[in-house]
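Now for the letters of each chain:
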Amino acid sequence: MIQIRFQNFLDMLTPIIFIYIILSLGWKTFRFFNVEILLGIVLIISMLHFFILFDKNLEKGYKSMIFLSFLILILSLIFSSLKIFLFYYHENITSDIKIYILISLILYVLIRVTYFMRIVYVKIHNPVFIFITSFVFLSFLGSILLMLPASTVKKISFIDALFTSTSAVCVTGLVVLDTAKDFTYLGKIFILILIELGGLGILTITSFFSYFFRDGFSFKEAIFISNFLNTKTTNNVLSLAVKVVMFTLTVELIGTLLIYFSIKEKNTIESDNLLFFSVFHSISAFCNSGFSTLSQGLYSQSVRFNYLFQLIIAFLLILGGIGFNILFNFFAYIWLTIKKYFLKIFKDEDIRCPVHIVTLNTKIVILTTFFLLFFGTVFYYISEYHYSLSEHSSFHGKWIVSFFSSATSRTAGFHVLNMNTFTPITIFLTIFLMWIGASPASTGGGIKTSTFALALMNIISLSRGKNRLEIQRKEISSESIRLSFSIIMLSIIVIYISILIIIFLDPKEDILSISFEVFSAFSTAGLSLGITSNLSNGSKLILILLMLLGRIGIFNVMIGLLKKNKIGSHHYYRFPKGNILIN
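Residues take numbers from 1 onward in each chain, read along the sequence in its written order. pLDDT decides what is reported in this predicted model: residues at 70 or higher carry local features, side-chain atom pairs at 80 or more are listed and counted, and totals for whole chains, interfaces and linings draw on all residues regardless. With hydrogens and water set aside, each side-chain value is computed from the structure's full complement of heavy atoms.

Once that is clear, we can look at the overall build of the chain. Segments assigned H or I by DSSP are reported as helices when at least four residues long, segments assigned E as strands when at least two residues long, and all are numbered from the N terminus. Each helix and strand in the chain was counted, giving 22 helices and 2 strands. Evaluated residue by residue, the chain yields a buried proportion of 55% over its 583 residues. Considering only contacts within the chain whose residues lie at least 6 apart along the sequence, 73% involve residues at least 24 apart. Throughout, exposure labels follow a simple rule: accessible area from a 1.4 Å probe, protein chains only, divided by the maximum for the residue type, with under 20% read as buried, over 50% as exposed, and the rest as partly exposed. Only heavy atoms matter for contacts: two residues are in contact if any of them lie within 4.5 Å across the pair.

Following this line, the structure appears as structure tokens:
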């Protein structure tokens, strides 16, 4: 009985805590928003969670949520106590503890909101609708957090906060504010959290927690997760979600260490904390967001000629943009190959690998990615040799920068070249690469590499007089072909309409710069020719909508709006075929 009262009290306490966080970040000088009060709140909530855990009648899912909340709160208490004990009472230490406690409370609120969302999307029968609303919800929540006085150096407008939040959630990288100068340390942490949540998705993260605490989920939730991770089956989808989260965290950790050691000896980074710089850019690179804590991005003098750093970022971009399914399939092939030769050499055993372990999808994506990277690198090297590449004197430096530019054009908003000196042909190539984008089930945007490859191969197949598309002794389904052409057509329509609207709203801006901006927003690439902050609020709203459409997928939005969940009557009949004159 007591535990039930505690549960009801915690349910009522959650919105109060959220309001308290907002007020404490807004009015830092108020006496009720000091470290002692914050520590007291966390201690009381932790004790309530501890007592609730002993209730044997608790629902399994609710108990998992309570345990996770308790773990986060108690860790923040332990960390704060150690900091106070080791460094005693100091103003800087106090401000650090306040930030850590506030972050733990924000995570606590997010966990409870996530649990509530799981209840909601089990009752809603449209997985695409849930997918869309999760990104919209995160964007608006992020804008509220970024508008707080503690998050910014000076007051910012709601449109600028929403633009920054959406750009982070949709892992785009387009900015209307200087991330380095306009946001405080706390504001940058909020941006980083939004990037991670947007890159992985709320559904993937909730699935990870469900697995970790042995909560499990329903068949309907499995359909939702398989929809987000772009898998055709619900088998082992929970373990796939866990693999995605664990792989992401592992790669980001390795990336952080590599970045840290690549910049440590240089000691020229415009940052007080090299570790935070490394963490921020590792997460930003793998999630293909393009955000940087440097005012000029990676074009800053401190990293512009650090070619090792650029290679690390480039490979993180490629890993994040190639797709989780592709990576797992490719790594499985490598592991089985190594295992096969190891057993053959050292144990004189011969094992047979499964037939066709590397799927056709993996082959198409990897080959398309390779050719786009190779073609883009060569093209950047030739077209910019006497222009933006001229400041790089070494031969290897020019090639590394060209490779980096080719990788970042399709997926992220990082740039190490002066884009204002780009030749028109380079700008058009960059637009083309941005439009293609990354691969399916990745953190990148665009129409996707497989879509482009299928459409191109279908054109070649039709030109040869074939009435079906065959690749490596396999016939590609007509559904995949129709979907690829639908995505291409929808992207062109949306981009064209957006360019027209922005030209109408901002007639003074150059049409090429506007087109570049629109393609970048829709493809969540994040590159810009420098007009983003000069656009009107109406144009910024158009770009915000484009970023959401690009991250969610324009076709997913169409499905969410038009598709009916009941089985359509068209499955039970077929009309006679009619031919239409095309060419």
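Next up on the list: unusual backbone geometry. Even without being glycine, K448 reaches a positive phi, approximately 90°. Inspection of the secondary structure assignment puts K448 in the loop between α17 (424-436) and α18 (449-463).

The next point concerns helix α2 (residues 35-52). Taking 1.5 Å of rise per residue, the 18 residues of α2 would be expected to cover 26 Å, and the 26 Å separating its terminal C-alpha atoms lies within 8% of that figure. Taken as a whole, α2 has its buried residues at V35, L38, L39, V42, I45, S46, L48, H49 and I52. Take the residue count of a helix, subtract one, and multiply by 1.5 Å to get its expected span.

Below, the discussion takes up the packing of helix α15 (residues 360-383) against helix α16 (residues 395-411). Only the contacting stretch of a helix is used when fitting its axis, a line to C-alpha atoms as for every element, and angles between N-to-C directions run 0 to 180 degrees. For the pair α15 and α16, interaxial distance at closest approach is 8 Å and the crossing angle is 130°. Between α15 and α16, the angle falls in the class oblique. Judged by the twist between their axes, the crossing of α15 over α16 is right-handed. Together, T369, L372, L373, G376, T377, V378, Y380 and Y381 of α15 and F395, K398, W399, S402, F403, S405, S406, A407, S409 and R410 of α16 make up the contact between the two elements. Across the contact of α15 with α16, the residue classes break down as 9 nonpolar, 7 polar and 2 charged. Every angle not falling under 35 degrees, over 145, or within 65 to 115 is termed oblique; those three ranges are roughly parallel, roughly antiparallel and roughly perpendicular. The crossing is said to be left-handed when, going from far helix to near helix, the turn is anticlockwise and less than a right angle, and right-handed when the turn is clockwise. The residue classification treats Ala, Val, Leu, Ile, Met, Phe, Trp, Tyr, Cys and Pro as nonpolar and Asp, Glu, Lys and Arg as charged. All others, Gly included, are polar.

Patch definition: residues with relative accessible area over 30% and no salt bridge; like charges joined within 9 Å; nonpolar side chains (Val, Leu, Ile, Met, Phe, Trp, Tyr) joined within 5 Å. Areas reported as accessible are Shrake-Rupley estimates using a 1.4 Å probe. Residue values count occlusion only from the protein chains shown. In what follows, salt bridge is the name for a side-chain nitrogen of Lys or Arg lying within 4 Å of a carboxyl oxygen of Asp or Glu. A grouping of M489, I493, Y496, I497, L500, I501, F504 and L505 is seen on the molecular surface, where their side chains present a nonpolar patch of about 810 Å² in accessible area. As for its placement among the helices and strands, F504 is situated in helix α19 (residues 478-505). Judged by its relative accessible area of 68%, F504 falls in the exposed class.

A few words on the packing of aromatic side chains. Two aromatic rings, drawn from Phe, Tyr or Trp (for Trp, its six-membered ring), form a pair once their centres lie within 6.5 Å of each other, and the interplanar angle then sorts them: stacked below 30 degrees, edge-to-face above 60, tilted otherwise. Enumeration over the complete set of coordinates arrives at 19 aromatic pairs. On the basis of an interplanar angle of 70° and a centroid distance of 5.7 Å, the ring pair of F370 and F371 is categorised as edge-to-face. Overall, the relative accessible area of 53% leaves F371 in the exposed class. With a centroid separation of 6.3 Å and an interplanar angle of 15°, the aromatic rings of F370 and F374 are classed as stacked.

Turning next to the pattern of salt bridges. Within this structure, the stated rule accounts for 3 salt bridges. The shortest N-O distance in the salt bridge between K540 and D160 comes to 3.0 Å. With K540 in helix α21 (residues 537-552) and D160 in helix α6 (residues 158-169), this residue pair connects regions lying 380 residues apart in the sequence. A relative accessible area of 6% means that K540 is categorised as buried. Classification of D160 by relative accessible area gives buried; the value is 13%. The salt bridge partner of E470 is R468, with a shortest N-O separation of 2.7 Å. Overall, the relative accessible area of 38% leaves E470 in the partly exposed class.

Turning next to the environment of M434. Residue position: M434 is located in helix α17. Judged by its relative accessible area of 0%, M434 is buried. In this structure the C-alpha to C-alpha distance between M434 and A521, which are 87 residues apart in sequence, comes to 9.4 Å.

Structurally, L200 is set in helix α8 (residues 185-200). Judged by relative accessible area, which is 4%, L200 ranks as buried.

Turning our attention to the packing of helix α14 (residues 324-346) against α15. Packing of α14 against α15 brings their axes to within 10 Å, and their N-to-C directions diverge by 105°. Taken together, the axes of α14 and α15 are roughly perpendicular relative to one another. Facing α14, whose interface residues are I326, N329 and F330, α15 presents N361, T362, V365 and I366. Across the contact of α14 with α15, the residue classes tally to 4 nonpolar, 3 polar and no charged.

As for its placement among the helices and strands, K188 is situated in helix α8. Not counting chain neighbours up to four residues away, the residues in contact with K188 comprise T179, A180, F183, F276, F280 and T293.

Further remarks concern the side chain of S491. Within the element layout of this structure, S491 appears in helix α19. Using a relative accessible area of 0% as the deciding quantity, one classes S491 as buried. Contact partners of S491, with chain neighbours within four places excluded, come to W435, I447 and F522.

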